[in-house]
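If you want the building blocks of each chain, they are given just below.
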Amino acid sequence: PLPHRAPPPPPPPPHPANDDANVEIDVDALRSMPKDERRALARIAKALLSAEDEETKIELAAELQKRCARAANAAANGTATPNAGREDDDARRRDEDSNATGTSAMARAGARFGDWTASREDAETPRTKKRKTTTSETASGTVPSSTERAARMDRAQRFAREAIQFASDVANAKGRGTPTMQEMKMRDAAAVGTNTALEKTYLRLTEAPSMATVRPPHVLERALELVKSKWVAHKDYEGYAKDQLKSIRQDLTVQHIRDGDLVLQTYQTHARIALECGDLAEYNQCQAVLKVLHAELLERTFGVDHPSPSKKGKKSASKKSSGKKQSSSERDEDTDRFPEGTDDIAEFAAYRLIYAAGAGSKGERSAALLRELRDIPPRLRTHPFLEHAVRVCRALASSNFHRFFALYNTVPRMGAYLMDIIAPSVRTDAVRAVLRAYAPTVPVEFVASALGFSSSASCADALAERHRAVFDGAARDRLDVRATNAAIAANAVRPSVLDRLARF
């Protein structure tokens, strides 16, 4: 059984309310009291709430009631409360003499009463805003006249108008005052630029392009013709042609113009000029776009019935592949067999074949060459440009440097610039083959014809500079094979053991 618990004790009887401690306060009289008097009342009320002695409570309540009655009479008569300072001191002295300690709740109540009276007085008291004085006024002690203040105001307004106009000019110059191309497309409107400048500096886009900064197609056509004419006249690629051509390409891209003769002419022109200047980065960018454009053009071109190359033409092509040189008139007759515009397509397809056959390692070359050959339609493979490119690829694959440099002299259009990029590596392999095949000496004239040099002197200079060649005699007409091999072996960098192991 559970132990018996005693019942809880009864609650203590409620403390009888002290009617003498109840104080009636007139709110209107309290509002009209001076600030010091209200603070004194707040201190008395706080002491009354915290006092524990009944006599002290009665005395403080009587004092508080007396002060409130006096304040009410003063408010009714419209006069100030007399002896406010002396009675304030008496109340402060009584507050200090009382040794009562109040609870935290009473203290917070007294504090809220004091804060309320102070905030009411601060809200009712009007505040005047101080005027800032300038340094000249402070130093001289004088206040500017109305005329001077009016002049200053006019000057400030003029500066504000000039700042607004300057900001507007900058925004219009950057095209921010007009809608962007994306906004025009969202409105189902024609997203065509409005800029009419023929020359514009290329800048990378950091925000949506505005219509005011983009040139429409008819302006781009004139800009392209201007770039072509200036390139022919000055041959300035890095300072002018590259920047302008990239700007034209950017304007075509932001307007989503991806077909038409203007796009073809722009990318083909930039690819040819970049190839001539050796800028392979821009050349590869243009080639990537041209490959897609030419594929679409070939699909439209060969989708229509047209006279395909005859069997006789194929036989003549097979004969030409045996190594017989083809004249320019014969090449023109062969190109006439294809539709208009096919020559440009075949030209850049031939460039891709030669680039794939000579760039990268041996494995990369094979994969890239097969990929490019697969992308060429069978009807286009009989084009003279592509037939020549295929022969160049075969010469490179078989390390036939005699055939390579023979084809260099008959390359169509601008393929020689690509072959110039491949030629140094081909010449290095050819010199090694000559040094292994001939001894003790070999004529420099023969080496110059085999390596595609225009003269024996230029060949001798290249051999001495790049291959440490040693010649038999001061005339440098014969190459000393043994001495050259010894010089190459003496200056060769022997691979370390780690390099040998890395091969496996």
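If you're wondering where the values come from, they're calculated on a predicted model, not measured in any experiment.

S.K.: Looking at this structure, I do not really get the confidence of the model for the protein chain. What am I missing?
M.R.: Low-confidence regions, as indicated by low pLDDT, have predicted coordinates that should not be scrutinised in detail. Overall, the prediction assigns the protein chain a mean pLDDT of 76, with 66% of residues at 70 or greater. Contacts for the low-pLDDT stretch residues 304-325, under 50 throughout, to residues beyond four places or in other chains number 19 contacts.

S.K.: Honestly, helix α21 (residues 456-466) in this entry has me stumped. Any pointers?
M.R.: The α-helix advances 3.6 residues per turn, and as a result positions three or four apart in sequence lie on the same side. Residues of α21 that are buried include every one of Cys459, Ala460, Ala462 and Leu463, and no others. Relative to the axis of α21, the buried residues are bounded by an arc of 165° and lie together on one face. Where α21 is buried, its residues meet α19 (415-437), α20 (444-450) and β2 (478-480). With its phi angle positive at about 55°, Arg468 sits one or two positions after the end of α21.

S.K.: Which parts of the structure should I look at to understand the nonpolar core?
M.R.: General note: in soluble globular proteins, nonpolar side chains tend to be found buried as a group. Residues Leu386, Phe404 and Leu463 are the most contacted members of the largest nonpolar core, which totals 76 residues. The greatest single-element share of this core, amounting to 10 residues, is contributed by α19. With 11 residues, the next largest nonpolar core counts Leu41, Ile44, Leu60 and Ala71 among its residues.

S.K.: Looking at this model, I keep getting lost on the packing of helix α15 (residues 342-358) against helix α17 (residues 384-397). Mind explaining?
M.R.: Helices that pack against each other are described as a pair by the angle of their axes relative to one another and the distance between those axes. Two numbers describe how α15 lies on α17: the axes approach to 8 Å, and their chain directions differ by 5°. Between α15 and α17, the interaxial angle falls into the category roughly parallel. Contacts from Asp343, Ala346, Glu347, Ala349, Ala350, Leu353, Ile354, Ala357 and Gly358 in α15 reach Phe385, Leu386, Ala389, Val390, Val392, Cys393 and Leu396 in α17. Partitioning the contact of α15 with α17 into residue classes produces 13 nonpolar, one polar and two charged.

S.K.: How should I be thinking about the side chain of Arg352 in this particular structure?
M.R.: With respect to the helices and strands, the residue Arg352 is situated in helix α15. Accessibility expressed as a relative area gives 13% for Arg352, which makes it buried. The contacts of Arg352, once residues within four sequence positions are left out, are Tyr283, Gln287, Lys291 and Glu372.

S.K.: Can you walk me through helix α11 (residues 261-277) in this structure?
M.R.: With 17 residues, α11 extends 24 Å from end C-alpha to end C-alpha; this agrees with the ideal 24 Å at 1.5 Å per step. The element α11 is largely enclosed, with a buried count of 12 among its 17 residues. Two residues or fewer past α11, Gly278 is found with a positive phi of approximately 75°.

S.K.: Can you walk me through the environment of Ala42 in this structure?
M.R.: Relative to the elements of secondary structure, Ala42 occurs in helix α2 (residues 35-50). Residue classification places Ala42 among the buried positions, given a relative accessible area of 8%. Ala42 sits 22 residues away from Leu64 along the chain, and the two C-alpha atoms are 9.5 Å apart.

The rules behind the values
Residues numbered from 1 in each chain as written. Predicted model: local features only at pLDDT ≥ 70, side-chain atom pairs only at ≥ 80, totals over all residues. Heavy atoms only, no water. pLDDT = per-residue confidence, 0-100. Contact = heavy atoms within 4.5 Å. Buried < 20%, exposed > 50% of the residue type's maximum accessible area, 1.4 Å probe, protein only. Helix = DSSP H or I, 4+ residues; strand = E, 2+ residues; numbered from the N terminus. Arc of directions from axis to C-beta. Core = buried A, V, L, I, M, F, W, Y, C linked by side-chain atoms within 4.5 Å. Axes fitted to C-alpha atoms, helices over the stretch in contact; angles between N-to-C directions. Parallel < 35°, antiparallel > 145°, perpendicular 65-115°, else oblique. Nonpolar A, V, L, I, M, F, W, Y, C, P; charged D, E, K, R; others polar. Expected span 1.5 Å × (residues − 1).

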